[in-house]
Amino acid sequence: MDNSNKVLVKILLPEIDQSYDMYLPINRKVGNVVELINKLLDELTNGAYKGSIHQCLYDEFTGNIYENNKLIIDTNIRNGSHLVLI
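Residues numbered from 1 in each chain as written. Predicted model: local features only at pLDDT ≥ 70, side-chain atom pairs only at ≥ 80, totals over all residues. Heavy atoms only, no water.

1. Let's talk about helix 1 (residues 30-44)
Our working rule: Secondary structure counts use DSSP, requiring at least four H or I residues in a row for a helix and at least two E residues in a row for a strand, with both numbered from the N terminus. Helix span, as expected, comes to 1.5 Å for every residue beyond the first. Each residue gets one of three labels from its accessible area relative to the maximum for its type: buried under 20%, exposed over 50%, partly exposed in between, using a 1.4 Å probe on protein chains only. What the arc covers is the set of directions going from the helix axis to the C-beta atoms. A contact between two residues is defined here by any heavy atoms of the two lying within 4.5 Å.
For helix 1, spanning 15 residues, the distance from its first C-alpha to its last is 20 Å, which sits close to the expected 21 Å at 1.5 Å a residue. Along helix 1, the residues that are buried comprise Val30, Gly31, Val33, Val34, Ile37, Asn38 and Leu41. With its buried residues spanning 150° around the axis, helix 1 presents them on a single face. Relative to its buried face, helix 1 has exposed residues pointing more than 90 degrees away, namely Lys39 and Glu43. Against the buried residues of helix 1 lie strand 1 (6-13), strand 2 (18-25), strand 3 (57-59) and strand 4 (82-85).

Encoded structure:
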């Protein structure tokens with residue numbers, strides 16, 4: 001699998017006290033990635049986790065929010081980043 005256009009990150013979900021390692025496409029907007037994450041987590045948790053389009057991604061260490069209209073490549077999200085979805 002070619003992962004040159006993806007970054008491997010840890011997504012923390014305080015709502016269900018879980019974390020997941022995921023590959024995020026660097027050429028997609030943060031808002032689109034949030035939608036993809038929610039769909040994937042719905043499947044991974046057999047429907048126990050229901051995301052929302054109103055959720056945002058945050059940097060776990062700084063608390064900074066990522067703007068939904070920015071491409072992942074244009075943020076500081078890189079391999080090994082820890083993100084929080086709230």
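2. Looking at the pairing of strand 1
To keep it simple, the criterion reads: Being paired, for any two strands, means DSSP has found at least two bridges between them.
By the bridge criterion, eight bridges tie strand 1 to strand 2 in an arrangement that is antiparallel. When the bridges of strand 2 are listed, Ile11 appears paired with Tyr20. Counting the residues in the hairpin turn of strand 1 and strand 2 gives four residues, including Asp17, whose phi is positive at 55°. Where strand 1 meets strand 4, three bridges bridge the pair, whose relative direction is parallel. Each residue of the ladder has a partner; that of Ile11, found in strand 4, is Leu83.

3. Observations concerning the sheet that holds strand 4
Worth spelling out the cut-off: To get an axis, fit a line to the C-alpha atoms, keeping to the stretch in contact for a helix; angles then go from 0 to 180 degrees between the N-to-C directions.
The four strands lie next to each other as 2-1-4-3, forming an open sheet whose pairing is mixed. Since the sheet does not close on itself, it has two edges, and those belong to strand 2 and strand 3, each with one partner. In this sheet, neighbouring strand axes are inclined to one another by 40° on average, regardless of whether the strands run parallel or antiparallel. Here strand 3 pairs with strand 4 via three bridges, running antiparallel. Across the sheet, residue Asp59 finds its bridge partner in strand 4, namely Leu83. Most of the contacts of helix 1 go to strand 2, to which it runs at about 130°, and overall it touches strand 1, strand 2, strand 3 and strand 4.

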